[in-house]
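For reference, the chains in residue letters:
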Amino acid sequence: MKQLIPENIIEEIRSRSDIVEIVSEAVVLKKSGKYYKGLCPFHPEKTPSFTVSPDKQIYHCFGCAVGGNVFKFLMETQSLPFVEAVKLLASRANISLPSPRRSSAESRQEKERETILKSNRLAAEYFTATLDHPQKGKKARAYLDSRHFTGEILTKYQLGWSTPNWQDLMTALGQKTSHPDLENAGLIKQKDGGSGRNYYDRFRARLMIPLKDLYGNVIGFGGRVIGEGEPKYLNSPETPLYKKGKVLFGMHLAKQPMRKEDQAILVEGYFDQIRAHDKGICNVVATCGTTLTSEQAGLLKNHVKNVVLVFDSDSAGKLAAQRGYQVLVEKELNVRIGLLPKGHDPDSYIQEFGPDVFLQFIENAKPFIESYIDDASTRGNLETPSGRMDVVNEVLPLLAKVKNNLERSEWVKYLSEKVGVEDNSLLKELKKSLTRNQTQVRVQETRTIEKPNPELYLIHLLLSGQQVAKEIRNKVSTEEFNNPDLRQIGELVYRCLDNEQPVQVDRLLDQVESPVIRALLSKIGLAPIAFDNPLKGADDCILELKKNHIEKKIAELKRMRNQADKAGRIAESREIHTQLKKVQHSLIPG
């Protein structure tokens, strides 16, 4: 596209464009020696590292290493292609650009686009004027006022009103454009089987919300009925300008804040997005009730790496979030989710609790996979092997979407902890399933094998000799015994050692009242286990005992964390998770 504009014209535009002036419209700059400095518009920072050189007419950020010239700055900050950036600067500098040579088909397409833009612009002005009309817009203004949308935000979004009459828009714009042009823009319709005169307004008795492209051009409309009426929302039909699967509502306002935060908040409705922006939360865009498409995800990827889904917590909202996640993760975006309390959408939540609480809600949003695993585990039956595998197979299709192997392995570990399936076998079978492009995994339940009981062995060793008993006494506390009967025998032995009495089964039996403990102690005394190296055997048993004790503590912490998760106690859950990591680390040798 660059070759359409002669190089000498580009150089003239460059020389007549002051980069300091252009950048100052987006960044507060302060002179610092021969340079100007400000906070970078491309990444969050507190100390200015974004530097502009008026002499060289370039900029560079020493924080994120982004740099360029005046054209590049407009391209990055306004999401413009090169030619559009050149056109914008040429217009500011009053430089005429030569008309590019186009084929007849290209010329027709360009003319059609310009005609649709003109029709939409005229319609937006008409709808806005109608909303402001003392009588015609009274009902719509009362509705907006009841929802606390007033003043500047109405102007910023060009909200308007279409009257209930059948041909008011046609009549108002009849002298400025033609009926075929209005029809081509999706603003009027022709009656079925009617003649050229049988047109009527598509939007009637609706609150009108202009839909805009990245550059703020009106490309279509969304119309909301007030009171009774179907459909609740009516959008423009698709035109050469408006493709609903390629547009995100509010993107022209949110693109720069999104870049700065490196995060987009994705909501469902027009008014969810408008409310957020009105309250200063500007990195929010809306899908407008449609299923998120790959093109929309690509639009987000051009601006951010992180997306937070904020949908309703009902089944429809969860399904929309799941579908949205799958589209976003295909673009390798990091996806988190915030499920609002029942009965709330972002609009009502922000209005009732305020923007600060909503931002904290966003801060606490879980990674989508974590939230999905938690939800599936809560709904599933984890008491049976088949129930656990049902949960695994429900989550598997989403795990398969995660392209990063390390991240996927971490989520497999989290899933195995949640459902109680042995991690190594699950990971092995999952890898097989992913390789074979399967949507289900079958993991055989690990058969329980009777393991040597280190606690029982330690009791035998305590009774094998005074020296070994003292070694064990110095290294193990009875609190580390899980079996209460063996713990009681251990306490008896320790008491003898502390009192410097000989450790003998017959003497211990004198101190036992419980018939169960007496029977166990006598059985151990009559069938002692012989050890080749009692001291080494004691060390091995102590190591295993302590390992078992730690694993029990880990299981308890996981249970407490899961309970906190289910109860929505996010801070408590994170604190327990920190404790859990410390305890797990203690299992690592060295």
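Residues numbered from 1 in each chain as written. Predicted model: local features only at pLDDT ≥ 70, side-chain atom pairs only at ≥ 80, totals over all residues. Heavy atoms only, no water.

**As for the overall build of the protein chain**
Alright, step 1. What the protein chain contains, in helices and strands, is 26 helices and 16 strands.
Alright, step 2. For 590 residues, the compact-globule formula gives about 25 Å, and the C-alpha radius of gyration of the protein chain, at 35 Å, lies well above that figure.
Alright, step 3. Over its C-alpha atoms, taken along the principal directions, the protein chain stretches across nearly 115 × 65 × 45 Å.
Alright, step 4. By residue count, 41% of the 590 residues in the protein chain fall in the buried class.
Alright, step 5. Accessible surface, the protein chain as shown: approximately 31800 Å² in total, 49% of it carbon and sulfur.
Alright, step 6. For the protein chain, the distance from the average position of its 86 positive side-chain charges to the average position of its 76 negative side-chain charges is 5 Å. (Helix = DSSP H or I, 4+ residues; strand = E, 2+ residues; numbered from the N terminus. Rg over C-alpha atoms; globule rule 2.2 N^0.38 Å. Buried < 20%, exposed > 50% of the residue type's maximum accessible area, 1.4 Å probe, protein only. Areas by Shrake-Rupley, 256 points an atom, 1.4 Å probe, with all protein chains shown as cover. Lys, Arg positive; Asp, Glu negative; His and termini not counted. Charge placed at Lys NZ, Arg CZ, Asp CG, Glu CD.)

**Describing the nonpolar core**
Alright, step 1. Counting 55 residues, the largest nonpolar core has Phe221 and Val310 as the members making the most contacts within it.
Alright, step 2. The biggest single contributor to this core is helix α5 (residues 104–132), with seven residues.
Alright, step 3. Excluding its chain neighbours within four sequence positions, the residues that come into contact with Val310 are Ile265, Leu266, Val267, Glu268, Gly338, Leu340, Pro346, Phe358, Phe361 and Ile362. (Core = buried A, V, L, I, M, F, W, Y, C linked by side-chain atoms within 4.5 Å. Contact = heavy atoms within 4.5 Å.)

**Focus on helix α1 (residues 7–15)**
Alright, step 1. Among the residues of α1, Ile9, Ile10 and Ile13 are the ones counted as buried. End-on view of α1: buried residues confined to an arc of 100°, all on one side of the axis. Exposed and oriented more than 90 degrees from the buried face of α1 are Asn8 and Ser15.
Alright, step 2. Turning to α1, the residues buried within the fold contact α3 (70–78) and α4 (82–92). (Arc of directions from axis to C-beta.)

**Here we look at empty space enclosed by the protein**
Alright, step 1. Evaluation of the coordinates by the stated rule reveals two cavities of 30 Å³ or more.
Alright, step 2. The calculated volume of the largest cavity comes to roughly 80 Å³.
Alright, step 3. Taken together, Leu211, Lys212, Asn235, Tyr242, Lys244, Val247, Leu248, Phe249, Gly250, Thr287, Cys288 and Thr290 form the lining of the largest cavity.
Alright, step 4. Tallied by class, residues from the lining of the largest cavity come to six nonpolar, four polar and two charged.
Alright, step 5. In this model, the second largest cavity occupies a volume close to 40 Å³.
Alright, step 6. Lining the second largest cavity are Tyr126, Phe127, Ser162, Thr163, Asn165, Asp168, Leu169, Asp201 and Phe203.
Alright, step 7. Those elements that provide at least two residues to the lining of the second largest cavity are α5 and α8 (168–173). (1 Å grid on protein atoms, 1.4 Å probe; cavity = no way out; pocket = protein on both sides within 12 Å on 5 of 7 lines; lining within 4 Å. Points joined across faces, edges and corners; volume = space filled by probe spheres on them. Nonpolar A, V, L, I, M, F, W, Y, C, P; charged D, E, K, R; others polar.)

**Here we look at the packing of aromatic side chains**
Alright, step 1. This model, assessed by the stated rule, comprises 23 aromatic pairs.
Alright, step 2. Among the aromatic residues, those joined into a cluster by ring pairs are Phe42, Phe50, Tyr59 and Phe73.
Alright, step 3. Positioned above the aromatic ring of Phe271, the side-chain terminus of Arg147 is 4.6 Å from the ring centre.
Alright, step 4. Directly above the ring of Trp166 sits Arg204, whose terminal nitrogen or CZ lies 4.0 Å from the centroid. (Phe/Tyr/Trp six-rings, centres within 6.5 Å; stacked < 30°, edge-to-face > 60°. Lys NZ or Arg CZ within 6 Å of the ring centre and 35° of its normal.)

**With respect to the side chain of Arg388**
Alright, step 1. Mapped onto the elements, Arg388 comes out in helix α17 (residues 385–399).
Alright, step 2. Residue Arg388 is classed as buried on the basis of its relative accessible area, which comes to 14%.
Alright, step 3. Only 2.9 Å separates the side chain of Arg388 from the backbone oxygen of Leu382, close enough to count as a polar contact. (Polar contact = N/O pair within 3.5 Å; in protein donor to acceptor, adjacent residues only side chain to side chain.)

**What about the sheet that holds strand β5 (residues 67–68)?**
Alright, step 1. The strand order across the open sheet built from five strands is β1-β2-β3-β4-β5, with neighbouring strands paired in antiparallel fashion. Since the sheet does not close on itself, it has two edges, and those belong to β1 (30–32) and β5, each with one partner.
Alright, step 2. Against the sheet, α3 contacts β3 (50–53), β4 (58–61) and β5, and its axis sits at roughly 50° relative to β4. (Pairing = 2+ DSSP bridges. Axes fitted to C-alpha atoms, helices over the stretch in contact; angles between N-to-C directions.)

**Section: the pattern of salt bridges**
Alright, step 1. Considering all chains together, one arrives at 26 salt bridges under this definition.
Alright, step 2. Note that Glu330 and Lys403 form a salt bridge whose closest N and O atoms lie 3.8 Å from each other. Pair noted here: Glu330 is in helix α13 (residues 315–330) and Lys403 is in the loop between α17 and α18 (405–419), with a separation of 73 residues, a long-range link.
Alright, step 3. Taking the relative accessible area as the measure of exposure, Glu330 reaches 36% and is therefore partly exposed.
Alright, step 4. On the basis of relative accessibility, which here comes to 44%, the residue Lys403 falls in the partly exposed class.
Alright, step 5. Across the pair Asp498 and Arg473 runs a salt bridge whose closest N-O atoms are separated by 3.3 Å. Of this pair, Asp498 sits in helix α22 (residues 484–498) while Arg473 sits in helix α21 (residues 466–475), and the two are 25 residues apart along the sequence. (Salt bridge = Lys/Arg side-chain N within 4 Å of Asp/Glu carboxyl O.)

**What to know about the sheet that holds strand β10 (residues 218–225)**
Alright, step 1. Strand order in the open sheet formed by four strands is β6-β9-β10-β11, and the pairing between neighbours is antiparallel. Strands at the two margins of the open sheet, each flanked by one partner only, are β6 (160–162) and β11 (233–235). Within this sheet the neighbouring strands show an average axis-to-axis angle of 35°, counted without direction.
Alright, step 2. With three bridges connecting them, β10 and β11 associate as antiparallel partners. Residue pairing in the sheet places Arg224 in a bridge with Tyr233 of β11.

**Side note on the layout of surface pockets**
Alright, step 1. Here the largest pocket is characterised by a volume of approximately 1600 Å³.
Alright, step 2. Forming the walls of the largest pocket are 45 residues, and the residues nearest its centre are Pro81, Glu84, Arg113, Asp213 and Tyr215.
Alright, step 3. Only α3, α4, α5, α10 (251–261) and α12 (294–301) provide two or more residues apiece to the lining of the largest pocket.
Alright, step 4. Considering only residue class, the lining of the largest pocket consists of 22 nonpolar, eight polar and 15 charged.

**Section: the confidence of the model for the protein chain**
Alright, step 1. Averaged over all residues, the pLDDT of the protein chain equals 86, while 92% of them reach at least 70.
Alright, step 2. Ignoring residues within four places in sequence, the model shows residues 443–450, a span with pLDDT below 50, making eight contacts including any to other chains. (pLDDT = per-residue confidence, 0-100.)

**Focus on the pairing of strand β15 (residues 334–339)**
Alright, step 1. Bridge count for strand β14 (residues 306–311) against β15 is six bridges, and the pairing is parallel. Of the residues in β15, the one forming a bridge with Leu309 is Ile337.
Alright, step 2. In this fold, β14 hands off to α13, which returns the chain to β15; that crossover is right-handed.
Alright, step 3. The pairing of β15 with strand β16 (residues 366–367) spans two bridges and is antiparallel. Within the sheet, the bridge partner assigned to Ile337 lies in β16 and is Lys366. (Right-handed = clockwise from strand over helix to strand, strands pointing away.)

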